[in-house]
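Structure assessment
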Amino acid sequence: MTIVVAYKYAANPQDASVGSDGRIDWSRAKETVSEYDPVAIQVGRQLADAAGSELVGITVGTTAANSSLARKGALSRGLDRAVIVADDAVRDWAPTRVGSVLAALVERIGDAAIVLTGDASVDEGAQVMPTVIAGYLGWPCFLEVISVAQTADGWELVQAHEGGTRTIALAGAAVVSVTTDATEARTPGMKDILAAGKKPAEEVALADLDAAEVDLTVTAHSRPATKAREHQVFSGDDAPAQLVAALRSVGVL
Amino acid sequence: MTNTWIVAVSPQISALIDTGRALGGTVTAVVAGTDPSRFLGVDRVIAIAAPEGVPAEALAPSVASAVAAQAGDVVLVANRPSERVLAGAVAAKLGAPILTGAKVIGKETAEISRYGGVTQQTISLAQPVVLVVDGGTAPSGNAAASETVQAEPYAATVTSTDASSVAQVNLSAAKRIVAVGRGFKSEADLQLAKDLAAAIGADLACSRPIAEGSGWLARDRYIGVSGQHVAPDVYIALGISGQLQHTVGMTDSRVVVAVNSDEHAPIFAGSDYGIVGDIYTVVPAITAAVK
């Protein structure tokens, strides 16, 4: 049995620059293991330790995803090994197509009992990748999961649901996205980073995997119009009073 | 003719129906594991029936089989966790793109806001596309002809439910919002923001760390790329730095106010009015000035 974590090596769009034509220049934005994925890796580590099984990370990204820095960044967070697809062709792929390749990696590992993901990626923030992976695997998928425990025939999940929680018992394998506070992600120390250099990371060529054909045609890019703002800053002791007066004068109080 | 397929668990889908009507074709709702009679105002309902206690997510394969979208059709799904799972299953089955952040959905193209709203893409709808968007409220209109398909669910059961003692809020309809961020040092200190909200009749919201991690407010009160998207008349950000992942959820607000001790906080760049100062002294002073 293997515990799998799907992670993304991505940059924060806040650090990217956008041209007047709406095209993004990512060259100055530094990629890292996406913001919430370390939480999923840590949940996976706990499950793998409890079951005495292996924790394998999978990712599909540009060539940067297989840089030494990227591999260490992921492996130092607690993975036993990583299986990586790193190809610049995927940059403009529809998320559905990327999901089909992640699913193909899960099938290649063969004995995965669960695929964990973080809550959302730092760049797209769409919260759909686990659902697509599950769609291709033909496995059930649950999002916003607070805790995961293994049972005799599958998993017990506690899920945030309509403001409260619910507990779900499921038989067999599943794709599970964990909340950002499902556990505390560990910050890797020097020892972890050195150990990560010795852990195996296998690169799989895109050509060796069966990627779904997904037609996403982008016909135009544009830079969204930003709303004009007043940019008025009040100062001094009567700043609060000036603020309230301003809000009343524009009719919102 | 663009036909619309709506995949739903909750009947809060009025915005999806409005989009489907504007597109002009047939609007079909594929409803997973819930009473189909509440899905008013569509042309046709396909109810995926499941035994009691089976979570909607477990019906994904049956839902995906029921959505027979053809070239040119659009699949609309409300952006809620159970429904996103169904959307992903449909996208995988159709080999269709799945995208969030649609701003405009037309007959031939859609405008999609991507990467935290820094860019907008126009995409072709010549092939089926699954769009995950805000669902809206409960629909009105006539009950549609309904057919029932017995589901073949995954082996999953809801074994217990712990309902929240906190009432759910609908921030998307709020006219005034007071939002709190990491500038607040303890949960008790949120009272300062609650007092201001009470004084001006505003709803309380927050940035992500306040709802997750610290858990001071419920998850449905956090504003951001993967949280709530709001557009009130006035949005008052208290102790919120203004990271992109937060501001994308409130950028359509009519008037934005920021109070922050850091004059370089990015929140000021997107604000109409600001006060650089300590929220612990400024916020009570604003509340007093209102009164």
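Throughout what follows, the structure given in this document is the object of discussion. (Residues numbered from 1 in each chain as written. Chains lettered and ligands numbered in written order. Predicted model: local features only at pLDDT ≥ 70, side-chain atom pairs only at ≥ 80, totals over all residues. Heavy atoms only, no water.)

Side note on the overall build of chain A
The secondary structure content of chain A amounts to six helices and 15 strands. Here chain A, with 253 residues, has 55% of them falling under the buried criterion. Taking contacts inside chain A between residues at least 6 apart in sequence as the whole, the part at least 24 apart equals 74%. Accessible surface computed for chain A: about 10700 Å², of which carbon and sulfur atoms make up 47%. (Helix = DSSP H or I, 4+ residues; strand = E, 2+ residues; numbered from the N terminus. Buried < 20%, exposed > 50% of the residue type's maximum accessible area, 1.4 Å probe, protein only. Contact = heavy atoms within 4.5 Å. Areas by Shrake-Rupley, 256 points an atom, 1.4 Å probe, with all protein chains shown as cover.)

What about the side chain of Asp37(A)?
Residue and element names in this part refer to chain A. Relative to the helices and strands, Asp37 resides in helix 1 (residues 37-51). One buried charged residue, Asp37, forms no salt bridge at all, with the nearest opposite charge on Lys8 at 8.2 Å. Those residues within four positions of Asp37 in sequence are excluded, and the remaining contacts are Tyr7, Lys8 and Gly118. (Lys, Arg positive; Asp, Glu negative; His and termini not counted. Salt bridge = Lys/Arg side-chain N within 4 Å of Asp/Glu carboxyl O.)

Some words on the sheet that holds strand 10 (residues 145-150) of chain B
Residue and element names in this part refer to chain B. Strand order in the open sheet formed by seven strands is 5-9-4-1-2-3-10, and the pairing between neighbours is parallel. In this open sheet, the two strands that pair with only one neighbour each are strand 5 (98-100) and strand 10. Sheet twist, expressed as the mean angle between neighbouring strand axes with direction ignored, is 25 degrees. As paired elements, strand 1 (residues 2-8) and strand 4 (residues 74-78) share four bridges and run parallel to each other. Within strand 4, the position partnered with Thr4 by the bridge is Val74. Seen against the sheet, helix 3 (residues 81-94) touches strand 1, strand 2 (24-32), strand 4, strand 5 and strand 9 (129-133) and runs at an angle of roughly 160 degrees to strand 4. (Pairing = 2+ DSSP bridges. Axes fitted to C-alpha atoms, helices over the stretch in contact; angles between N-to-C directions.)

Remarks on helix 7 (residues 279-290) of chain B
With 12 residues, helix 7 of chain B should cover 16 Å at 1.5 Å per step; its first-to-last C-alpha distance of 16 Å lies within 8% of that length. When we look at burial in helix 7 of chain B, the residues that qualify are Ile279(B), Val282(B), Val283(B), Ile286(B), Thr287(B) and Val290(B). With its buried residues spanning 135 degrees around the axis, helix 7 of chain B presents them on a single face. Turned more than 90 degrees away from the buried face of helix 7 of chain B sit Thr281(B) and Ala288(B), all of them exposed. Its buried side turned inward, helix 7 of chain B meets helix 6 (239-249) of chain A together with helix 4 (191-200), strand 14 (234-238), strand 15 (255-260) and strand 16 (273-276) of chain B. For helix 7 of chain B, the side-chain oxygen to backbone nitrogen distance between the N-cap and Tyr280(B) is 2.9 Å, and the N-cap itself is Asp278(B). (Expected span 1.5 Å × (residues − 1). Arc of directions from axis to C-beta. Polar contact = N/O pair within 3.5 Å; in protein donor to acceptor, adjacent residues only side chain to side chain.)

What about the interface of chain A and chain B?
With 77 residues of chain A at the contact, the number on the chain B side is 76 residues. Summed over both sides, the interface between chain A and chain B buries roughly 6400 Å², with carbon and sulfur atoms accounting for 55% of that surface. It is Gln14(A), Arg229(A) and Val252(A) in chain A that bury the most area against chain B; as a group they hold 10% of the surface buried on that side. Linking chain A to chain B there are five salt bridges. On the surface where chain A and chain B come into contact, there are 42 residue pairs in polar contact (both at pLDDT 80 or more). Counting residues per element, the ones that place at least two in the side of chain A that touches chain B are helix 3 (95-109), helix 4 (129-137), strand 9 (141-150), strand 10 (154-161), strand 11 (164-171), strand 14 (218-222), strand 15 (232-234) and helix 6 of chain A. Here the residues of the side of chain A that touches chain B are counted per class, giving 42 nonpolar, 22 polar and 13 charged. Pairing between strand 11 of chain A and strand 11 (residues 156-162) of chain B: six bridges, direction antiparallel. Paired with Leu170(A) across the two strands is Ala156(B), which belongs to strand 11 of chain B. (Buried area = accessible area lost by both parts, 1.4 Å probe. Nonpolar A, V, L, I, M, F, W, Y, C, P; charged D, E, K, R; others polar.)

Some words on the sheet that holds strand 6 (residues 102-105) of chain B
As a general point, the strands of a sheet are linked pairwise by backbone hydrogen bonds and lie either parallel or antiparallel. Strand order in the open sheet formed by four strands is 14(A)-8(B)-7(B)-6(B), with antiparallel pairing between adjacent strands. Among the strands making up the open sheet, the edge pair consists of strand 14 of chain A together with strand 6 of chain B. If you compare each strand with its neighbour and ignore which way they point, the axes differ by 20 degrees on average. Direction of pairing for strand 7 (residues 109-114) of chain B relative to strand 8 (residues 119-124) of chain B: antiparallel, over a ladder of six bridges. Counted as the bridge partner of Ala110(B) is Ile123(B) from strand 8 of chain B.

A short note on the pairing of strand 14 of chain B
In summary, the side chains of a regular strand alternate between the two faces of the sheet. Residue and element names in this part refer to chain B. A large share of strand 14 lies buried, amounting to five of its five residues. Residues Val234, Ile236 and Leu238 line one face of strand 14 and the alternating positions Tyr235 and Ala237 line the opposite face, and both faces are buried. Relative to strand 14, strand 12 (residues 176-180) runs parallel, the two sharing five bridges. Considered in strand 14, the bridge of Ala179 is made with Ala237.

Let's talk about the pairing of strand 1 of chain B
All names here are of chain B. Burial analysis of strand 1 places six of its seven residues in the buried class, the great majority of the element. In this sheet, strand 2 lies alongside strand 1 in parallel orientation, the contact comprising six bridges. In the strand pairing of strand 2, Trp5 is matched with Thr28. Note on the crossover from strand 1 through helix 1 (residues 14-23) to strand 2: the handedness is right-handed. (Right-handed = clockwise from strand over helix to strand, strands pointing away.)

Things to note about the layout of surface pockets
Of the pockets and cavities examined, the second largest pocket occupies roughly 990 Å³. Taken together, 31 residues line the second largest pocket, and the ones lying closest to its centre are Thr226(A), Gly117(B), Leu244(B), Thr247(B) and Thr251(B). Among the secondary structure elements, those contributing two or more residues to the lining of the second largest pocket are strand 3 (17-18) of chain A together with helix 6 (244-247) of chain B. A per-class count over the lining of the second largest pocket returns 13 nonpolar, 13 polar and five charged. (1 Å grid on protein atoms, 1.4 Å probe; cavity = no way out; pocket = protein on both sides within 12 Å on 5 of 7 lines; lining within 4 Å. Points joined across faces, edges and corners; volume = space filled by probe spheres on them.)

Fair warning: the whole summary comes from geometry, so function is off the table for now.
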